[in-house]
Amino acid sequence: MTAPDTTSHVAPATAATDPFTPSTSAIRVFAALGLLLLAVTSVLFVTIVLRQAYSGDGASGPLVDVAQSAMALSAIAGLSALCLPGTAMGHAARRGTVWAQYVLAAGGPMLAAVDFA
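## Quick notes on the nonpolar core
So, point 1. One finds Leu 38, Phe 45, Ile 48, Val 49, Val 64, Ala 67, Met 71, Ala 105 and Ala 112 forming the largest nonpolar core, which totals nine residues.
So, point 2. Of all elements in the fold, only helix 2 (24-54), helix 3 (64-83) and helix 4 (91-112) reach the threshold of two or more residues within this core.
So, point 3. Among the elements that take part in this core, helix 2 stands out by supplying four residues, more than any other.
So, point 4. Dropping the residues within four chain positions of it, Phe 45 is found in contact with Val 64, Ala 67, Gln 68, Met 71, Gly 108, Pro 109 and Ala 112.

## Considering a nonpolar patch on the surface
So, point 1. Taken together, the side chains of Val 29, Phe 30, Leu 33 and Leu 36 make up a nonpolar region of the molecular surface, amounting to roughly 390 Å² of accessible area.
So, point 2. Along the chain, Leu 33 falls in helix 2.
So, point 3. Under the relative-accessibility criterion, Leu 33 is labelled partly exposed at 42%.

## So, the layout of surface pockets
So, point 1. Estimates place the volume of the largest pocket at around 160 Å³.
So, point 2. As for the largest pocket, its lining consists of Pro 22, Ile 27, Phe 30, Arg 95, Val 98, Trp 99 and Tyr 102.
So, point 3. Listing elements by their share of the lining of the largest pocket, those giving two or more residues are helix 2 and helix 4.
So, point 4. No other element matches the four residues that helix 4 contributes to the lining of the largest pocket.
So, point 5. Residue classes in the lining of the largest pocket are distributed as six nonpolar, no polar and one charged.

## So, the packing of helix 3 against helix 4
So, point 1. Relative orientation of the contacting elements helix 3 and helix 4 amounts to 155°, with a least axis distance of 8 Å. Judged on the interaxial angle alone, helix 4 and helix 3 are roughly antiparallel. Of the two possible hands of crossing, helix 3 and helix 4 adopt the one that is left-handed. Residues Val 66, Ala 67, Ala 70, Met 71, Leu 73, Ser 74, Ala 77, Gly 78, Ser 80 and Ala 81 of helix 3 form the contact with helix 4, whose own contacting residues are Arg 94, Thr 97, Val 98, Gln 101, Leu 104, Ala 105, Gly 108, Pro 109, Leu 111 and Ala 112.
So, point 2. Residue composition of the contact of helix 3 with helix 4, by class: 13 nonpolar, six polar and one charged.

## Some remarks on helix 2
So, point 1. Counted at 1.5 Å a residue, the expected span for helix 2 with its 31 residues is 45 Å, and the 45 Å between its end C-alpha atoms agrees.
So, point 2. When helix 2 is considered as a whole, its buried residues turn out to be Ile 27, Ala 31, Gly 34, Leu 38, Thr 41, Phe 45, Ile 48, Val 49 and Gln 52.
So, point 3. In the core, the buried residues of helix 2 are packed alongside helix 3 and helix 4.

## Thoughts on helix 3
So, point 1. Along its 20 residues, helix 3 runs 29 Å from first to last C-alpha, staying within 8% of the 28 Å computed at 1.5 Å per residue.
So, point 2. Val 64, Ala 67, Ala 70, Met 71, Ser 74, Ala 77, Gly 78 and Ala 81 are the residues of helix 3 that are buried. Down the axis of helix 3, the sector holding all buried residues measures 145°, keeping them to one side. Pointing more than 90 degrees away from the buried face of helix 3 are the exposed residues Asp 65, Ile 76 and Cys 83.
So, point 3. Close packing links the buried residues of helix 3 with helix 2 and helix 4.

## What about the side chain of Ser 74?
So, point 1. Here Ser 74 shows up in helix 3.
So, point 2. A relative accessible area of 0% places Ser 74 in the buried class.
So, point 3. For Ser 74, the contacting residues outside a window of four places in its chain are Leu 38, Gln 101, Leu 104 and Ala 105.

About the criteria used
Residues numbered from 1 in each chain as written. Predicted model: local features only at pLDDT ≥ 70, side-chain atom pairs only at ≥ 80, totals over all residues. Heavy atoms only, no water. Core = buried A, V, L, I, M, F, W, Y, C linked by side-chain atoms within 4.5 Å. Buried < 20%, exposed > 50% of the residue type's maximum accessible area, 1.4 Å probe, protein only. Helix = DSSP H or I, 4+ residues; strand = E, 2+ residues; numbered from the N terminus. Contact = heavy atoms within 4.5 Å. Patch = residues over 30% accessible without salt bridge, like charges linked within 9 Å, V, L, I, M, F, W, Y side chains within 5 Å. Areas by Shrake-Rupley, 256 points an atom, 1.4 Å probe, with all protein chains shown as cover. Salt bridge = Lys/Arg side-chain N within 4 Å of Asp/Glu carboxyl O. 1 Å grid on protein atoms, 1.4 Å probe; cavity = no way out; pocket = protein on both sides within 12 Å on 5 of 7 lines; lining within 4 Å. Points joined across faces, edges and corners; volume = space filled by probe spheres on them. Nonpolar A, V, L, I, M, F, W, Y, C, P; charged D, E, K, R; others polar. Axes fitted to C-alpha atoms, helices over the stretch in contact; angles between N-to-C directions. Parallel < 35°, antiparallel > 145°, perpendicular 65-115°, else oblique. Left-handed = near helix turned anticlockwise from the far one by under 90°. Expected span 1.5 Å × (residues − 1). Arc of directions from axis to C-beta.

Below, the structure written as structure tokens:
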């Protein structure tokens, strides 16, 4: 009997491919859903800012500008993950961009809710 061959003759790119990784089109769908989430969080952001402005000292929280910037960056990240062709952005970069889009979209209202007064 011969010993089994323990060396792999499979190319590293093929061996590293995860069969459970979402496809590029699925990641683009998640980017589109992130833009819908951004619309919902924008309404929440405006509600938080107006509530802070009309109650208390008449001014919104100190991090409103940072929150708006985070939400703008979320829109840019989502549109780039959705619209850029596959040759311009790798799979891992597109997946990371969608993660950043969701984090920034959720972080906007959270930052706007901070009120030190």
